[in-house]
Amino acid sequence: MIAASTALFLYGTIAPMLGTLLPDLSTRFHMTPEENGRIAAVQALGLVLASMLAGPLIDHRGKKTGFLCGMILIVVSLLALPNATGWKTVAASMFILGMGGGTIVTAANTLVSDIGEDKRASMLSFANVFFGLGGLVTPLIAANVFHGNAIGLSYLIAALALAMLIMDATTPMPPPAPPAASDLSQTRPLQDKPLLFLLSLFVFLYVACEVAFWNWLSKYLISEGISKSLALNILALGFASGILVGRLISFRILMKFSAVSVSLVCSGLMMITTYWTLHAANPTLAWLSVFAAGAAMGPIYPSAIGIVGDAFPQRSATYIGIAITSGWLGVAASSWLIGRIAGSNGNHLRLALMMLPVFSAAMMVINLGMRPMLAKARARKRIVYDAPAQHVT
């Protein structure tokens, strides 16, 4: 749990980095919103590739391999970012950072899912509290210590990743699953798994919204006349602390209520609060709406990953990796879409970010649609585990 929680904390410090540094990098390299969107999409591509590869890698080589590979990539990327010479080298650094981040997210969530088998969603919510802590730290340090300076922030988080690399190398972790349990050739074709498709689509929409907030919120607030320092503090103390509070509360709620119900309610709240954020009339309302949006979003991701772990207990790293990959695909799609709609001058950024409440409404529809499939999956699992031993394969 310490290894998984610290890895999620590290990813929490990485997640808002692009949004935190975009104002400074845009000024330094004279980047347009479209170039910002391309950089975010390239980072998402790294996340996609990593999570596609990380699941089978972890199932076959063990979780420690996933942790170590991810940490090495993060250190390399954060040492390269301060030496960037233009938006293309920034994009290359963010691609490597995405590869490292996608790997450790898959490894950490799979490890927690295995540890907390009886209460997956609740345990995942607790572990992902540390993601919220990491997301809180980065914008605060950027705004109040480094004043948006990319070099100092990159080196600080690189040192943190190096320390975690050493810790993970000495931490005992479960060995790889037996070959029979992780052989992908025994997995039914994915087109026969509509439940996995709907879960992946749900994660696709959610992660697209959350990362859009991380990457574009400070820029949107600045475009509305809020100072850069205040915008970064709203991102940290508003959004990141909201996610943190939401996950702390949901840790207890998920002990009593199903992850499916919690994710439905929170999707509805997410639709309301993201719309409110885009129409907040002053900085005070922006603080409140951004915090409320973070609190609504907080429980959704661990709930969704917990549902995947419950529905597909065999080869869990691979299936969780598929869901996480779908999330990163959502980031790539939303980053490109927001950049295109916002335009070269960013004049239509509010219109572009209206994607968030629209996606939230779609998540509610998907949640309702997958309930009958989840009921059937639970029934099949109950039959398998309740069967006489001689009939269990």
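Right above here is the structure, for reference.
Just so it is clear, the model here is predicted, and its values are computed rather than measured. (Residues numbered from 1 in each chain as written. Predicted model: local features only at pLDDT ≥ 70, side-chain atom pairs only at ≥ 80, totals over all residues. Heavy atoms only, no water.)

1. Considering the overall build of the chain
At step 1: Broken down by element type, the chain carries 17 helices and zero strands.
At step 2: Taking all 393 residues of the chain together, the buried fraction comes to 56%.
At step 3: Of the contacts formed within the chain by residues at least 6 apart in sequence, a portion of 85% connects residues at least 24 apart.
At step 4: For the chain, the accessible area works out to roughly 15,600 Å², and carbon and sulfur atoms hold 69% of it. (Helix = DSSP H or I, 4+ residues; strand = E, 2+ residues; numbered from the N terminus. Buried < 20%, exposed > 50% of the residue type's maximum accessible area, 1.4 Å probe, protein only. Contact = heavy atoms within 4.5 Å. Areas by Shrake-Rupley, 256 points an atom, 1.4 Å probe, with all protein chains shown as cover.)

2. Quick notes on the pattern of salt bridges
At step 1: Applying the stated criterion to the full structure yields one salt bridge.
At step 2: Here Glu224 and Arg350 are joined by a salt bridge, their closest N and O atoms 3.4 Å apart. Of this pair, Glu224 sits in the loop between α10 (194-223) and α11 (228-256) while Arg350 sits in helix α16 (residues 349-353), and the two are 126 residues apart along the sequence.
At step 3: For Glu224, a relative accessible area of 43% gives the class partly exposed. (Salt bridge = Lys/Arg side-chain N within 4 Å of Asp/Glu carboxyl O.)

3. Re the packing of α10 against α11
At step 1: Running from N to C, α10 and α11 cross one another at 155°; their axes reach a closest spacing of 7 Å. It follows from the interaxial angle that α10 and α11 lie roughly antiparallel. Where α10 crosses over α11, the two elements pack in a sense that is right-handed. Contact residues: α10 offers Tyr206, Glu210, Phe213, Trp214, Leu217, Ser218, Leu221 and Ile222, while α11 offers Lys228, Ala231, Leu232, Ile234, Leu235, Phe239, Ala240, Ile243 and Arg247.
At step 2: Taken together, the residues of the contact of α10 with α11 sort by class into 13 nonpolar, one polar and three charged. (Axes fitted to C-alpha atoms, helices over the stretch in contact; angles between N-to-C directions. Parallel < 35°, antiparallel > 145°, perpendicular 65-115°, else oblique. Left-handed = near helix turned anticlockwise from the far one by under 90°. Nonpolar A, V, L, I, M, F, W, Y, C, P; charged D, E, K, R; others polar.)

4. Section: helix α13 (residues 283-297)
At step 1: The end-to-end C-alpha distance of α13, which contains 15 residues, comes to 21 Å, matching closely the 21 Å that a straight helix rising 1.5 Å per residue would cover.
At step 2: Along its buried surface, α13 packs onto α10, α11, α12 (259-277) and α14 (300-311).
At step 3: Near the N-terminus of α13, the side chain that reaches the backbone nitrogen of Thr284, with its oxygen 3.1 Å away, is that of Asn282. (Expected span 1.5 Å × (residues − 1). Polar contact = N/O pair within 3.5 Å; in protein donor to acceptor, adjacent residues only side chain to side chain.)

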